[in-house]
Amino acid sequence: MIELSQKEKDMRDGKEGPLLKFAISLVLKAANIWQAPRLIEASFAHIDACHYYGQAHLDFARKLEREGATFPIPSWTNTVPVSLTGSDGREKNNQAFVDGAKEVAEIYERIGCKPVWTCAPYQLPDGPKFGDQIVGSESNAVSFYNAVVGARTQKYGDFLDVACALTGRVPFTGLHRDEGRIGQIELDVSFLPEELRHEEEICHLIGIIMGRDAGSKVPVIRGLPSSTHRDSLKGIAAAGAASGGVAMFHVLGVTPEAPDAETAYQGRTPERIQKVTATDLDEAKALVSSVRSGPVNMVALGTPHFSYDEFQRLAVLIDGRKVHPDVTFYVSTSRFVAQMVQDSGAMDIIERAGVQVLRDTCTYFSPAVKACKGPVMTNSGKWAFYAPGMLPVDVAFGSLRDCVQSAVKGEIVMAPAFGS
Amino acid sequence: MTPQSLKSEVLHPGTAQGELLVLDTPVSFWGGFDPNNGEIIEASHPQCGEKVTGKILVMYRGKGSAGTPAGVAESIRNGSGPIALILCEPEVNIAIGAAVASELYDVHMPVVCLEPDDYTKLIESNKTDISLTGEVTPH
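Residues numbered from 1 in each chain as written. Chains lettered and ligands numbered in written order. Predicted model: local features only at pLDDT ≥ 70, side-chain atom pairs only at ≥ 80, totals over all residues. Heavy atoms only, no water.

**A closer look at the nonpolar core**
Here is step 1 of the chain: In this structure, Leu64(A), Tyr108(A), Val162(A), Leu166(A) and Leu85(B) are the most contacted members of the largest nonpolar core, which totals 81 residues.
Here is step 2 of the chain: The leading source of residues in this core is helix 2 (residues 18-34) of chain A, at 11 residues.
Here is step 3 of the chain: Ignoring anything within four residues of it in the chain, the contact list for Tyr108(A) reads Ile47(A), Ala49(A), Cys50(A), Phe60(A), Ala61(A), Leu64(A), Thr77(A), Cys113(A) and Val162(A). (Core = buried A, V, L, I, M, F, W, Y, C linked by side-chain atoms within 4.5 Å. Buried < 20%, exposed > 50% of the residue type's maximum accessible area, 1.4 Å probe, protein only. Helix = DSSP H or I, 4+ residues; strand = E, 2+ residues; numbered from the N terminus. Contact = heavy atoms within 4.5 Å.)

Next comes the structure, spelled out in structure tokens:
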């Protein structure tokens with residue numbers, strides 16, 4: 001039995017109108033299945049239902065608009081399958097799909113969502129803070145908000161995300177509660193050579209390993225330097241959510257709920273400790289690399305969306321060089337970050353080298369890359385893990401530096417094995 | 001012999017009668033399944049290429065992604081999907097997809113959850129009925 005406030009009862013009983021009655025019925029359905037004792041107020045939402053795979057997404061959005069939906073809490077939009085700024089070169093591949101996707105996106109903007117169109121909303125100002133109870137949907141953002149920001153969310157699928165945002169309520173369960181956030185298993189990377197532990201590429205592979213082995217447990221990573229960059233943590237969050245479904249993790253001495261082991265485990269001991277070796281990293285790299293040499297047709301960066309700092313590093317690496325004529329080089333990002341990079345002058349350097357920057361969307365589901373036959377090189381563990389199922393391409397995973405080298409040379413350049 | 005009814009937890013109510021398709025491992029309704037034709041498309045899935053259309057789909061647990069509810073709702077809308085889902089571990093995403101399809105299209109695909117012993121009994125059979133209150137009657 002779920003304990004409800006008067007306001008929640010009014011919504012349930014239809015006193016707040018039919019749309020809120022429907023919305024809270026979805027929230028209560030989830031609360032029942034998760035066995036939550038009550039609902040709590042949420043202060044922010046990141047909406048995934050603005051995505052599009054077919055008529056159901058559109059019919060749902062039209063219903064929201066027809067019935068006068070309004071969002072009582074800041075509700076930001078996830079990335080969408082087509083670019084809304086026109087920087088998506090090959091949209092005409094499938095006009096009906098493009099039209100449907102654009103209509104859905106336009107509706108969410110009209111009904112009051114903040115049109116940020118990004119899977120990395122945590123790179124934007126004025127988002128949720130430590131301790132906030134929020135509605136997360138996209139898997140990497142759920143994991144990043146929980147682990148790195150310290151905001152609290154379950155993973156809310158399409159439609160339930162909107163229902164929670166409209167009602168401003170979430171079931172008080174799982175990762176919303178202190179006990180749901182206790183570290184349970186340990187991934188010890190402290191035996192890896194010091195210089196490796198500073199590499200962003202390694203963090204993506206740690207994420208792949210974490211997702212593969214964690215099941216439904218909350219993992220604690222031990223041994224990363226306290227200087228570990230947010231982009232490396234983004235890599236861990238995204239890869240761990242892709243290869244497994246990790247929605248919360250800790251990094252000792254780095255993430256805010258893990259200043260030390262005592263705090264991360266809330267006084268308990270880990271159920272198991274797994275040591276990560278250089279050989280494990282090589283195995284993980286093999287898992288996300290179906291090719292390791294030969295020509296490359298595309299380089300795809302920015303899954304999740306490329307950050308301002310990543311663009312600055314890319315600009316340094318590619319300044320004065322040219323992307324090989326046989327290679328298409330895409331970077332996906334948000335319109336917000338793209339503008340900041342433009343203002344800094346780095347966008348000119350990057351575009352002059354022949355790099356195309358996609359705004360609002362992502363290469364692995366955009367019609368822009370459907371025609372690509374591969375191989376594709378990426379620095380994203382998540383892209384490398386998912387793309388072979390979504391696009392008929394071979395993938396090579398490597399560091400940002402290796403991706404740039406490959407793009408210029410037209411051939412895959414990969415660092416030697418870590419265990420060698 | 002009178003068929004024995006198994007009591008399930010109703011995650012979304014509806015009625016169905018039909019043949020079972022028991023999956024060896026769960027499939028994701030987003031990415032692992034094509035809602036345009038009802039085929040399992042996850043390359044590594046042992047039943048890749050099979051169609052779920054018109055079947056009572058039986059899988060031990062859901063396989064999550066934020067897009068799952070939309071994949072479920074879309075497959076109910078265009079009739080490519082299963083006519084019911086039977087699970088052993090309760091799953092929010094599939095239930096939400098079914099609830100949204102009920103609201104938008106007035107099609108009510110039951111989603112129910114059985115106890116492990118009953119789940120084992122069910123998968124021995126070829127057909128089953130599902131009632132509005134969650135009685136699952138294999139035959």
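On we go from here.
**Brief notes about empty space enclosed by the protein**
Empty space among the atoms becomes apparent when a probe as large as a water molecule is rolled across them.
All names here are of chain A.
Here is step 1 of the chain: Under the defined criterion, the tally for this structure stands at 1 cavity of 30 Å³ or more.
Here is step 2 of the chain: Lining the largest cavity are His 204, Lys 234, Gly 302, Thr 303, Pro 304, Phe 306, Glu 310, Asn 379 and Ser 380.
Here is step 3 of the chain: Looking at the lining of the largest cavity, its residues break down into 2 nonpolar, 5 polar and 2 charged. (1 Å grid on protein atoms, 1.4 Å probe; cavity = no way out; pocket = protein on both sides within 12 Å on 5 of 7 lines; lining within 4 Å. Points joined across faces, edges and corners; volume = space filled by probe spheres on them. Nonpolar A, V, L, I, M, F, W, Y, C, P; charged D, E, K, R; others polar.)

**Describing the interface of chain A and chain B**
Here is step 1 of the chain: Chain A puts 23 residues into the contact, and the matching count from chain B is 25 residues.
Here is step 2 of the chain: Both sides of the chain A and chain B interface together cover about 2,000 Å² of buried area, and 73% of this is carbon and sulfur.
Here is step 3 of the chain: Sorting the residues of chain A by area buried against chain B places Lys29(A), Ile33(A) and Tyr53(A) first, and these three jointly supply 31% of that buried surface.
Here is step 4 of the chain: Put simply, chain A and chain B have 1 salt bridge between them.
Here is step 5 of the chain: We note a salt bridge from Glu103(B) to Lys63(A), for which the minimum N-O separation is 2.8 Å.
Here is step 6 of the chain: Counting across the chain A and chain B interface gives 9 residue pairs in polar contact (both at pLDDT 80 or more).
Here is step 7 of the chain: Residue composition of the side of chain A that touches chain B, by class: 12 nonpolar, 5 polar and 6 charged. (Buried area = accessible area lost by both parts, 1.4 Å probe. Salt bridge = Lys/Arg side-chain N within 4 Å of Asp/Glu carboxyl O. Polar contact = N/O pair within 3.5 Å; in protein donor to acceptor, adjacent residues only side chain to side chain.)

**Re the domain arrangement of chain A**
Residue and element names in this part refer to chain A.
Here is step 1 of the chain: Looking at chain A, the domain boundaries give domain 1 (6-178), domain 2 (182-286) and domain 3 (290-409).
Here is step 2 of the chain: At the interface, 15 residues of domain 2 touch 17 residues of domain 3.
Here is step 3 of the chain: If you look at where domain 2 meets domain 3, you find 3 salt bridges.
Here is step 4 of the chain: Note that Lys 234 and Glu 310 form a salt bridge whose closest N and O atoms lie 2.7 Å from each other.
Here is step 5 of the chain: Taken together, the connections running from domain 2 to domain 3 amount to 7 residue pairs in polar contact (both at pLDDT 80 or more).
Here is step 6 of the chain: Those elements that place two or more of their residues in the side of domain 2 that touches domain 3 are helix 8 (200-214), helix 9 (230-243) and helix 11 (278-287).
Here is step 7 of the chain: For the side of domain 2 that touches domain 3, the class distribution of residues is 7 nonpolar, 3 polar and 5 charged. (Domains from an automatic or database assignment.)

**Here's the deal with unusual backbone geometry**
Comment: phi is negative for the bulk of residues other than glycine, and the bulk of peptide bonds are trans.
Residues and elements named next belong to chain A.
Here is step 1 of the chain: A cis geometry characterises the amide bond from Thr 303 onward to Pro 304, with omega recorded as -5°.
Here is step 2 of the chain: Relative to the helices and strands, Pro 304 is located in the loop between strand 9 (298-301) and helix 12 (308-318).
Here is step 3 of the chain: Unusually for a residue other than glycine, Phe 159 sits at a positive phi of about 80°.
Here is step 4 of the chain: Tracing the chain through its elements places Phe 159 in the loop between helix 5 (139-149) and helix 6 (160-167).
Here is step 5 of the chain: At Asp 360, a position not held by glycine, the phi torsion is positive, near 80°.
Here is step 6 of the chain: Along the polypeptide, Asp 360 turns up in the loop between strand 11 (355-359) and strand 12 (376-378).
Here is step 7 of the chain: For Asp 360, a relative accessible area of 0% corresponds to the buried category.

**Examining the layout of surface pockets**
All names here are of chain A.
Here is step 1 of the chain: Put simply, the second largest pocket is a space of about 240 Å³.
Here is step 2 of the chain: As for the second largest pocket, its lining consists of His 198, Glu 199, Glu 200, Glu 201, His 204, Arg 313, Leu 317, Asn 379, Ser 399, Leu 400 and Arg 401.
Here is step 3 of the chain: Within the residue set of the lining of the second largest pocket, elements represented by two or more residues are helix 8, helix 12 and helix 16 (400-409).
Here is step 4 of the chain: Per-element accounting of the lining of the second largest pocket gives the leading share, 3 residues, to helix 8.
Here is step 5 of the chain: Its residues placed into classes, the lining of the second largest pocket shows 2 nonpolar, 4 polar and 5 charged.
Here is step 6 of the chain: Structurally, the lining of the second largest pocket is a two-domain feature, drawing no fewer than three residues from each of domain 2 (182-286) and domain 3 (290-409).

**A look at the sheet that holds strand 3 (residues 16-22) of chain B**
All names here are of chain B.
Here is step 1 of the chain: The 8 strands are arranged 1-10-9-3-6-7-8-2 in an open sheet whose pairing can be described as mixed. Because the sheet does not close on itself, it has two edges, and the strands there are strand 1 (6-7) and strand 2 (9-12).
Here is step 2 of the chain: Here strand 3 runs beside strand 6 (residues 56-58); their pairing, made up of 3 bridges, is parallel. Among the inter-strand pairings, Leu 21 is bridged to a residue of strand 6, identified as Leu 57.
Here is step 3 of the chain: Here helix 2 (residues 92-105) sits on the sheet and contacts strand 2, strand 7 (84-87) and strand 8 (111-113); the angle it forms with strand 2, its principal contact strand, is near 55°. (Pairing = 2+ DSSP bridges. Axes fitted to C-alpha atoms, helices over the stretch in contact; angles between N-to-C directions.)

**Concerning the environment of Ser332(A)**
Residues and elements named next belong to chain A.
Here is step 1 of the chain: Mapped onto the elements of the fold, Ser 332 is located in strand 10 (residues 328-333).
Here is step 2 of the chain: Residue classification places Ser 332 among the buried positions, given a relative accessible area of 0%.
Here is step 3 of the chain: For the pair formed by Ser 332 and Pro 304, sequence separation is 28 residues and the distance between their alpha carbons is 8.0 Å.
Here is step 4 of the chain: Those residues within four positions of Ser 332 in sequence are excluded, and the remaining contacts are Leu 301, Gly 302, His 305, Phe 306, Leu 358, Thr 361, Cys 362 and Thr 363.
Here is step 5 of the chain: There is a polar contact of 3.3 Å between the side chain of Ser 332 and the backbone nitrogen of Thr 363.

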